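# Observations on the three-dimensional arrangement
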Number of protein chains: 2
Amino acid sequence: MSQSLHLTAFMRPVSLHTGAWRYPGAYADANFNFTHLKAFAQALERAKFDAFFMADHLAVLNMPVEALKRSHTVTSFEPFTLLSALAAVTERIGLAATASTTFDEPYHVARRFASLDHISGGRAAWNIVTTSNPDAARNFGLSDHVEHGERYKRAREFFDVVTGLWDSFADDAIIRDQESGIFFDPERMHVLDHKGEEFSVRGPLNIARPVQGWPVIVQAGQSEPGKQLAAETAEVVFAAPRDFATARALYADIKGRMPAAGRNPDHLKILPAAMIVIGETVEEAREKRARLDSLVHYDSAIASLSIALGHDASGFDPDGPLPEIPETNASKSGRAQVLRLAEEEKLTVRQLAQRYGGYAGLAFVGTKETIADEMERWLHEQAADGFTCVFPFLPQGLEDVTGTLVPELQRRGLFRTDYEGATLREHLGLPRPANRFFP
Amino acid sequence: MSQSLHLTAFMRPVSLHTGAWRYPGAYADANFNFTHLKAFAQALERAKFDAFFMADHLAVLNMPVEALKRSHTVTSFEPFTLLSALAAVTERIGLAATASTTFDEPYHVARRFASLDHISGGRAAWNIVTTSNPDAARNFGLSDHVEHGERYKRAREFFDVVTGLWDSFADDAIIRDQESGIFFDPERMHVLDHKGEEFSVRGPLNIARPVQGWPVIVQAGQSEPGKQLAAETAEVVFAAPRDFATARALYADIKGRMPAAGRNPDHLKILPAAMIVIGETVEEAREKRARLDSLVHYDSAIASLSIALGHDASGFDPDGPLPEIPETNASKSGRAQVLRLAEEEKLTVRQLAQRYGGYAGLAFVGTKETIADEMERWLHEQAADGFTCVFPFLPQGLEDVTGTLVPELQRRGLFRTDYEGATLREHLGLPRPANRFFP
């Protein structure tokens, strides 16, 4: 159990909340305005955040055109180009990017993350996703989507290949002896020669071992195969359970699987994603959230519900309960969450849609004190090792967190007042992996 | 015909010359030292270079271990992460990266270049390569290499898909009307729905149209299909003919094919790659080059010759002439160049190996005046629209060019003294492509 919190920021340029671009003071042009993103990353670094984490999709989100036209998520920077640019204008904050194991190649993924790790001096993290959006499949030559279990099987082998490629060179392989002319020791280079069910990759990677050994491994999945993959491979999990009880159960579940996978539970930090809305009073915070949600159009709301369900919800009775729907190939954890929410809070289709159309996940809405209380409780009662912060609107929602909540957490000794190490692994208290070929 | 020269820098972190890391004052650690790369890019920008162009490979180069251990090219930054980071610390210089049409997906390539173009404010360029290195194939699940003609067929369709994806949104598609809640006009978004022989890609791209419309298209190929692909698609060609006569013929050949492809020959800039070695006297420049070449070990030299030939040359008699070798699937233009050089200069295997082991291409070795004379001749006699500069060693070789040759060219009115535009297209005098779906 950690003695203090870890905080990362889960970002889209305009915010993850779909109404955010219309909020007073919002940077509606942030999708392609690097200046804003640079200011966000630098503000988070001044607040000593562990990492800046960029959300991603491999397609224009599949929603009806009437909803799509209201969405600020339609287009924005690609994460690698963005995070590499941010690496050049920050010094210490971690930089986490998403790469899909379903629609990319292990050699490319290993290479880009290793390069980002070298450029940033050891601050890269890889969010492993298996990509459940069927429209993404159609952008990569597949007419239908890869089945859920198959995606996770491929992800597991993809991880083995990528980490094997990162270990291509011993940490001391590069000699650079200008006198003798020997640049590196080929005995300290390993040819992976992987031949598996999904991939055949010879190697070696044409990049020296990353500064961190391996970039930090991040995952979200809450489905059964997602939890198992996390227990076996992840070092950060940002799964977003809907409440404290679910979070505690998830925390125990994932960490409980780790010993059987030969891992120390302290080597995985569970940082649930939570939208944080701060007011001078709890009432003011609730009003901010209500104002923000009111900016979401119903057309967008119902489309988002359809995505979460993996099923077109536009024909449902808005004022009735959620009808029975057939099982599909969409993300299982997302779908289960909708069904639980509908059942437990007895929400109508309209109410569900409004929740999903804005931001469906866990939210802390209150004052800096009530939110710090809540975070402290989650930390001390083993529901979380910290949080993946979602800002309701930008820049103000971020400034509320860095300007009021972080100082409150620091005052209580729950969050660092300065970075102690240089790398993301050091910020997170994670060990540097040994090289499997050159132990 | 251009009235003044265009200059780009073709870079590897330590230089393209294999002996460069041993040259006095060289930054032998530059492969993973971003500070050096930042200094190089900023120096080239102060000298008003059109672009910084990063060389690339998708594998550790295939040479015998005894040669490999002497090579500084074994590992270095991946180009996208590097150029994106450089975009954040430069303002005007163009940024050209390589992406392979054989081992990548059009959706990924379109997305990353569009994002780099947005991050840099319109400074991205895509060097289209078809990748002839057989070891690259083995890193991507292919046991043997894709045949030469097939690679170019795939490249042509890849180009059509990528440029089609860049045209997914009209330039005025994004509205961002916070009052009405309309973020963009879906009538100004095009779903590509490409179904070809090689690719099936639905689209649209999830990135707004690049600042330049399309990033600038760059190519090297000198083979028949390479020249034809360039005439149809390229806006910059950096093919490196070995001398003035060959350059003039190539210039006429490629530009001569353009009208039949419906293109204006002024819309393609031919910038031959040339290593530039400058001395106070011609003799001093030649001594610099001789000293540099002397730092290349014979083991590396013979391996490089094998790569250029696509054939293992290690068993050849070093002091005999180049024996007959069977035709292979390696890059045809590279192979033809070796055969011509061997024949015309009557070089032994050892002499050829030493040439290829250092830097095999065109070189201008002289004083700032003799080199400026040569460049002026190439420009005025339609052998080149400028040059792709290769620095023999870094940082000094770069400083020699920016500090002495560039001022000499500027004094003669042959090179800009300041940038006139903001984008790479503007530096190169290239038109912004119309959107094929929203003309």
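Residues numbered from 1 in each chain as written. Chains lettered and ligands numbered in written order. Predicted model: local features only at pLDDT ≥ 70, side-chain atom pairs only at ≥ 80, totals over all residues. Heavy atoms only, no water.

Chain A has the name Monooxygenase in an unreviewed UniProt entry, where Xaviernesmea rhizosphaerae is given as its organism. Reading the Sequence similarities (unreviewed entry) entry of the UniProt record for chain A gives the comment "Belongs to the NtaA/SnaA/DszA monooxygenase family." (UniProt positions renumbered as here; feature names shortened; annotations may be inferred.)

Further remarks concern the sheet that holds strand 1 (residues 6–11) of chain A. Residue and element names in this part refer to chain A. The strand order across the open sheet formed by 10 strands is 11-10-9-4-3-2-1-14-12-13, and the pairing between neighbours is parallel. Of all the strands in the sheet, the pair left with one neighbour each is strand 11 (269–270) and strand 13 (363–366). In this sheet, strand 11 lies alongside strand 10 (residues 236–237) in parallel orientation, the contact comprising two bridges. Residue pairing across strands places Val 237 opposite Ile 270, the latter belonging to strand 11. The sheet strands contacting helix 1 (residues 34–46) are strand 1 and strand 2 (51–54), and the helix crosses strand 2 at an angle near 145°. Against the sheet, helix 6 (residues 148–166) contacts strand 3 (94–100), strand 4 (124–129) and strand 9 (216–219), and its axis sits at roughly 160° relative to strand 4. (Pairing = 2+ DSSP bridges. Helix = DSSP H or I, 4+ residues; strand = E, 2+ residues; numbered from the N terminus. Contact = heavy atoms within 4.5 Å. Axes fitted to C-alpha atoms, helices over the stretch in contact; angles between N-to-C directions.)

Relating the two copies of this chain is a rotation about some axis coupled with a shift parallel to it. Here chain A sits on chain B after a turn of 180° about the axis and a move of 0.0 Å along it, with an RMSD of 0.1 Å. A rotation of that kind, with that shift, is consistent with a two-fold axis. Relative to the rotation axis, the closest C-alpha in chain A is found at Ala 85 of chain A, a distance of 2.0 Å. Interface residue correspondence from chain A to chain B reaches 100%, placing this contact among same-surface, isologous pairings. (Least-squares fit on C-alpha atoms with pLDDT ≥ 70 in both.)

This next bit is on a negative patch on the surface. On the surface, a cluster of negative charge is made up of Glu 280, Glu 283, Glu 284 and Glu 287 of chain A. Positionally, Glu 287 of chain A belongs in helix 9 (residues 282–293). (Patch = residues over 30% accessible without salt bridge, like charges linked within 9 Å, V, L, I, M, F, W, Y side chains within 5 Å. Areas by Shrake-Rupley, 256 points an atom, 1.4 Å probe, with all protein chains shown as cover. Salt bridge = Lys/Arg side-chain N within 4 Å of Asp/Glu carboxyl O. Lys, Arg positive; Asp, Glu negative; His and termini not counted. Charge placed at Lys NZ, Arg CZ, Asp CG, Glu CD.)

What follows concerns the pairing of strand 3 (residues 94–100) of chain B. Residue and element names in this part refer to chain B. Within strand 3, seven of the seven residues are buried, which leaves it mostly tucked inside the rest of the structure. Here strand 3 shows two buried faces, one formed by Gly 94, Ala 96, Thr 98 and Ser 100 and the other by Leu 95, Ala 97 and Ala 99. Relative to strand 3, strand 2 (residues 51–54) is paired through three bridges, and the arrangement is parallel. Residue pairing for strand 3: Ala 51 is matched across the bridge by Gly 94. As judged from the six bridges shared by strand 3 and strand 4 (residues 124–129), these two strands associate in the parallel manner. Residue Leu 95 lies in a different strand from strand 4, and its bridge partner there is Ala 124. Read from strand 3 through helix 4 (residues 106–119) to strand 4, the crossover connection turns out right-handed. (Buried < 20%, exposed > 50% of the residue type's maximum accessible area, 1.4 Å probe, protein only. Right-handed = clockwise from strand over helix to strand, strands pointing away.)

Attention now moves to the side chain of Glu 408 of chain A. All names here are of chain A. Note on placement: Glu 408 falls in helix 14 (residues 396–411). With a relative accessible area of 6%, Glu 408 lands in the buried category. Apart from the residues within four sequence positions on either side, Glu 408 is in contact with Lys 368, Glu 369 and Ala 372.

Here we come to the pattern of salt bridges. Under the defined criterion, the tally for this structure stands at 59 salt bridges over all chains. One salt bridge in this structure joins Arg 412 of chain A and Asp 373 of chain A, with 2.7 Å as the shortest N-O distance. With Arg 412 of chain A in the loop between helix 14 and helix 15 (424–428) and Asp 373 of chain A in helix 13 (residues 368–380), this residue pair connects regions lying 39 residues apart in the sequence. We classify Arg 412 of chain A as partly exposed; its relative accessible area is 23%. Its relative accessible area of 43% is what places Asp 373 of chain A among the partly exposed residues. Between Lys 48 of chain B and Asp 418 of chain B there is a salt bridge, with its nearest N and O atoms 3.4 Å apart.

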